[in-house]
2 protein chains.
Amino acid sequence: MAMYAPPIARLLDELERLPGIGPKSAQRLAYYILRSDAEVAERLAQALVEVKRSIHFCSQCFNFAEGELCEICADVKRDPSVICVVEEPRDVVAIERTGEFHGRYHVLQGAISPIDGIGPDQLRMRELIERIGTGGIEELIVATNPNVEGETTALYIARLAKPLGVRVTRIASGLPVGGDLEYADEVTLGRALEARREM
Amino acid sequence: MAMYAPPIARLLDELERLPGIGPKSAQRLAYYILRSDAEVAERLAQALVEVKRSIHFCSQCFNFAEGELCEICADVKRDPSVICVVEEPRDVVAIERTGEFHGRYHVLQGAISPIDGIGPDQLRMRELIERIGTGGIEELIVATNPNVEGETTALYIARLAKPLGVRVTRIASGLPVGGDLEYADEVTLGRALEARREM
């Protein structure tokens, strides 16, 4: 016999499609929903539908946006001469959290990865070059991830943007603040040595 | 400034209310939804609303049910003379998975726990006694959890049901199949010794 009544089975099915949600988590979530007020399920359902209805990509930086432009591109107080290039919208959130960056962003929506069939044409690279072409951009801070794909993407951007007269910088690699030398991997430690600074 | 556009913030908020979902998981889920087809969000939203609309408690055993009776109570092939008493609907699923039980269930919807203010009156205990009162029940298999609350509940049920002429049994405690003697805790090992059987 079926373990679950069909509506429960359907909810479990949909929950298990989500990343990081296995059968056990799906069951826990479904039973939580079943035990809660109908309001909890309804508010979540509405938030899900609403986010898909109202969120699109910013036409300038390709971050998620509610309107034509995202809040950062629409903010006249943000410096339009410095562009931080990141792979994903979540990287924008990570950098915004530091409170250290007051320029604008460009979200590539991925990184160059030949093994996954992702080249520059699958990213928002053309749009980045077009943005540089409109002028007023002095520096690109390339904040792609410090892994093979991110480094490849960074090199590609540097080669493309430098001839256009734009300063291209890369975020530093090194030991995490609060980290232990002993536990650092040798590549990170090597980078930290190489990028040492005068005190 | 706000890190997220309001519809995204709202979805994150609703997701973080769910058990076991922290800010990182909520972000991962929300970004997955944002990247997927609108259909994914809609199907999940519909499953959420539908499960709350159509699932209630079985009027006989208090498991989740789509109709008046759950599928097990409605199944005439299930033996009505043996009732397995469990704490939660998920325990019904666990026991059904074994394929070893062909009787019916009674879901208490919790266990006696004075520290949490849960006494017999907060559980479906009265309904269990009423079921026994209607006759035809020969055995109660008490499958509450083998912890303090579950054992207390089991003792309470035994005291209540035995005078009514019903056989009350308790599921066995012992070493998990495939387990290692070396790694068993001493209480479990003690129980396994105590409940040893003739070979």
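Bear in mind the structure is a predicted one, so any value in this text is a computation, not a measurement.

(A) Region of the structure containing the packing of helix 3 (residues 38–54) of chain A against helix 1 (residues 6–16) of chain B. Running from N to C, helix 3 of chain A and helix 1 of chain B cross one another at 155 degrees; their axes reach a closest spacing of 9 Å. As far as their axial angle goes, helix 1 of chain B and helix 3 of chain A are roughly antiparallel. Our pair here, helix 3 of chain A against helix 1 of chain B, has a crossing hand that is left-handed. In this structure, helix 3 of chain A uses R43, L44, A47, L48, E50, V51 and S54 of chain A to contact helix 1 of chain B, whose residues at the interface are P7, I8, R10, L11, E14 and L15 of chain B. Counted by class, the contact of helix 3 of chain A with helix 1 of chain B contains eight nonpolar, one polar and four charged residues.

(B) Region of interest: the sheet that holds strand 6 (residues 167–170) of chain A. Residues and elements named next belong to chain A. Taken in spatial order, the four strands of this open sheet run 4-3-5-6, and their pairing is parallel. Each edge of the open sheet carries a strand with a single partner, namely strand 4 (103–107) and strand 6. This sheet shows a mean twist of 25 degrees between the axes of neighbouring strands, independent of strand direction. Where strand 3 (residues 79–86) lies against strand 4, five bridges are found, and the strand directions are parallel. For V85, the partnering residue across the bridge sits in strand 4 and is H106. Packed on one face of the sheet, helix 5 (residues 125–133) meets strand 3, strand 4 and strand 5 (139–142) and runs near 150 degrees to strand 4.

(C) Spatial organisation of the sheet that holds strand 5 (residues 139–142) of chain B. Residue and element names in this part refer to chain B. Pairing is parallel across the open sheet formed by four strands, whose spatial order is 4-3-5-6. Since the sheet does not close on itself, it has two edges, and those belong to strand 4 (103–107) and strand 6 (167–170), each with one partner. Adjacent strand axes in the sheet meet at a mean angle of 25 degrees when their direction is disregarded. Direction of pairing for strand 3 (residues 79–86) relative to strand 5: parallel, over a ladder of four bridges. When the bridges of strand 5 are listed, I83 appears paired with L140.

(D) Representation of the interface of chain A and chain B within the structure. Taken together, the 52 residues of chain A in the interface contact 52 residues of chain B. Across the interface of chain A and chain B, roughly 5100 Å² is buried in total on both sides, 73% from carbon and sulfur atoms. E14 of chain A serves as the salt-bridge partner of R43 of chain B, at 3.0 Å between the closest nitrogen and oxygen. Sorting the residues of the side of chain A that touches chain B by element identifies helix 1 (6–16), helix 2 (23–35), helix 3 and helix 4 (89–98) of chain A as the ones contributing at least two each. Ranked by residue count, the leading element in the side of chain A that touches chain B is helix 3 of chain A, at 13 residues. Its residues assigned to classes, the side of chain A that touches chain B comprises 31 nonpolar, four polar and 17 charged.

Parameters at a glance
- Residues numbered from 1 in each chain as written.
- Chains lettered and ligands numbered in written order.
- Predicted model: local features only at pLDDT ≥ 70, side-chain atom pairs only at ≥ 80, totals over all residues.
- Heavy atoms only, no water.
- Axes fitted to C-alpha atoms, helices over the stretch in contact; angles between N-to-C directions.
- Helix = DSSP H or I, 4+ residues; strand = E, 2+ residues; numbered from the N terminus.
- Parallel < 35°, antiparallel > 145°, perpendicular 65-115°, else oblique.
- Left-handed = near helix turned anticlockwise from the far one by under 90°.
- Contact = heavy atoms within 4.5 Å.
- Nonpolar A, V, L, I, M, F, W, Y, C, P; charged D, E, K, R; others polar.
- Pairing = 2+ DSSP bridges.
- Buried area = accessible area lost by both parts, 1.4 Å probe.
- Salt bridge = Lys/Arg side-chain N within 4 Å of Asp/Glu carboxyl O.

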